[in-house]
Amino acid sequence: MTPGQAKQILLIYRPGTVDADDPEIAEALTLVRSDPELSRWFDEHCATQNALRNKFRQIALPAGLREQIISEHTARMKAASRREKIVGAVAVAAILVAVALMATFYLPHNNGPRPVANTLANYEGQMMGAARSGYYMTAMTNLDQVHSWLAQNHALTDYALPMGLKSAAVTGCTVQGWKDAKVSMICFRQGKTLPPGQPGDLWLFVIDQSAVNGAPATTSPQLATVDGLITATWTQDGKLYLLGARGDEQTIQKYL
């Protein structure tokens, strides 16, 4: 299977569902783990699907829709045969189910999802979503290995780590995607006990400042809470830094 074929297959993949049980999708996911560029595309695809799903969950069904459909259907069926009534009832049920499904999540098939707006809030949300929901990472034990791997994968390496992060335990790195830019993602751990399969609980994302609209023009970290994680955002020497952690403001301050 080629990366292009894998992309076509994964266009219908929905994170958090049983889609991964499909043999063809499972084969494509295996290729994602070994292809950094495909992994970047896949992470952005999953983030977009999650964002769209959240939007559709906010859609409320119009008041009286169910009653209107049933009423119109009943009027049409009065002159129909018993068989036609049965077929029509099944059709109405299918319509109601389709409306309910569209109100809870988005299924991408023939039409691609609308692109996420290039804003700082959306960038922070996508990166923290990747940190929380899982990601494919190359395991590392020191910053020299991280620097070498990122350089080989044509990602940013001329970043400056805060003093607090330099003493944190490194667990690995990967490359995330944002629009047409690559994001260097470095994973650390705070020293707490982590659930099985979770490689870290402290994440640094670095991207060119010009790639994100609305990036703060300050070297002083701006603290916020994004997707249940505490974050710090700042810019330095043309780079936008985003640090996320599980914990509170005191937790993240130790690493700045």
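Quick note: structure is the one above.
Note that the structure is a prediction, hence the values are computed from the model and not measured. (Residues numbered from 1 in each chain as written. Predicted model: local features only at pLDDT ≥ 70, side-chain atom pairs only at ≥ 80, totals over all residues. Heavy atoms only, no water.)

A. The pattern of salt bridges, seen in detail. What the rule picks out here adds up to six salt bridges. Among the salt bridges present, the one from Glu37 reaches Lys182, with a minimum N-O distance of 3.8 Å. Within this pair, whereas Glu37 is found in helix H3 (residues 36-57), its partner Lys182 is found in strand E3 (residues 181-189), the two being separated by 145 residues in sequence. For Glu37, a relative accessible area of 38% corresponds to the partly exposed category. Looking at Lys182, the relative accessible area reads 27%, which means it is partly exposed. (Salt bridge = Lys/Arg side-chain N within 4 Å of Asp/Glu carboxyl O. Helix = DSSP H or I, 4+ residues; strand = E, 2+ residues; numbered from the N terminus. Buried < 20%, exposed > 50% of the residue type's maximum accessible area, 1.4 Å probe, protein only.)

B. Molecular detail of the sheet that holds strand E6 (residues 229-236). Read across the sheet, seven strands follow the order E1-E2-E3-E4-E7-E6-E5 without closing on themselves; strand pairing throughout is antiparallel. Looking along the sheet, the strands with just one partner apiece sit at the ends: strand E1 (138-139) and strand E5 (222-226). Sitting on the sheet, helix H7 (residues 143-152) touches E1, strand E2 (169-178) and E3, and the angle it makes with E2 is about 20°. (Pairing = 2+ DSSP bridges. Contact = heavy atoms within 4.5 Å. Axes fitted to C-alpha atoms, helices over the stretch in contact; angles between N-to-C directions.)

C. Region of interest: the nonpolar core. Within the largest apolar cluster, 26 residues are counted, with the highest numbers of intra-cluster contacts made by Leu150, Leu165, Leu204 and Leu243. When contributions to this core are tallied by element, the ones reaching two or more residues are H7, E2, E3, strand E4 (202-208), E6 and strand E7 (239-245). Aside from chain neighbours lying at most four places away, what touches Leu150 is Ala155, Leu156, Thr157, Tyr159, Cys173, Thr174, Val175, Ser184 and Ile186. One finds Cys187, Phe205, Ala215 and Leu242 within the second-largest nonpolar core, a separate group that totals 21 residues. (Core = buried A, V, L, I, M, F, W, Y, C linked by side-chain atoms within 4.5 Å.)

D. View of a negative patch on the surface. There is a patch of like negative charges on the surface, built from Asp21, Asp22, Glu24 and Glu27. For Asp21, the position within the fold is in the loop between helix H1 (3-10) and helix H2 (23-34). (Patch = residues over 30% accessible without salt bridge, like charges linked within 9 Å, V, L, I, M, F, W, Y side chains within 5 Å. Areas by Shrake-Rupley, 256 points an atom, 1.4 Å probe, with all protein chains shown as cover. Lys, Arg positive; Asp, Glu negative; His and termini not counted. Charge placed at Lys NZ, Arg CZ, Asp CG, Glu CD.)

E. Highlighting H1. Listed in full, the buried residues belonging to H1 are Ala6, Ile9 and Leu10. All buried residues of H1 fall inside an arc of 90° around its axis, so they share one side. (Arc of directions from axis to C-beta.)

F. Seen up close, the environment of Ser220. Within the element layout of this structure, Ser220 appears in the loop between E4 and E5. Ser220 sits 36 residues away from Leu256 along the chain, and the two C-alpha atoms are 9.7 Å apart. Contacts of Ser220, omitting those with residues within four sequence positions, involve Thr233 and Trp234.

G. Examining the packing of H1 against H3 more closely. One way to put it is that H1 packs onto H3 with a least axis distance of 11 Å and a crossing angle of 10°. With respect to each other, H1 and H3 are oriented roughly parallel. Contacts between H1 and H3 involve Pro3, Ala6, Lys7 and Leu10 on the former and, on the latter, Leu38, Trp41, Phe42 and His45. Broken down by class, the residue content of the contact of H1 with H3 amounts to six nonpolar, one polar and one charged. (Parallel < 35°, antiparallel > 145°, perpendicular 65-115°, else oblique. Nonpolar A, V, L, I, M, F, W, Y, C, P; charged D, E, K, R; others polar.)

H. How the structure looks around unusual backbone geometry. One non-glycine residue, Asp227, adopts positive backbone phi at about 55°. Tracing the sequence through the fold places Asp227 in the loop between E5 and E6. The phi torsion at Asp237 lies on the positive side, around 50°, for a residue other than glycine. Position of Asp237 relative to the elements: it lies in the loop between E6 and E7.

I. A look at the state of the cysteines. As enumerated under the stated definition, the model contains zero disulfides in all. Looking at Cys173, it has no disulfide partner, and the nearest cysteine sulfur is the one in Cys187, 9.6 Å off. (Disulfide = S-S within 2.5 Å.)

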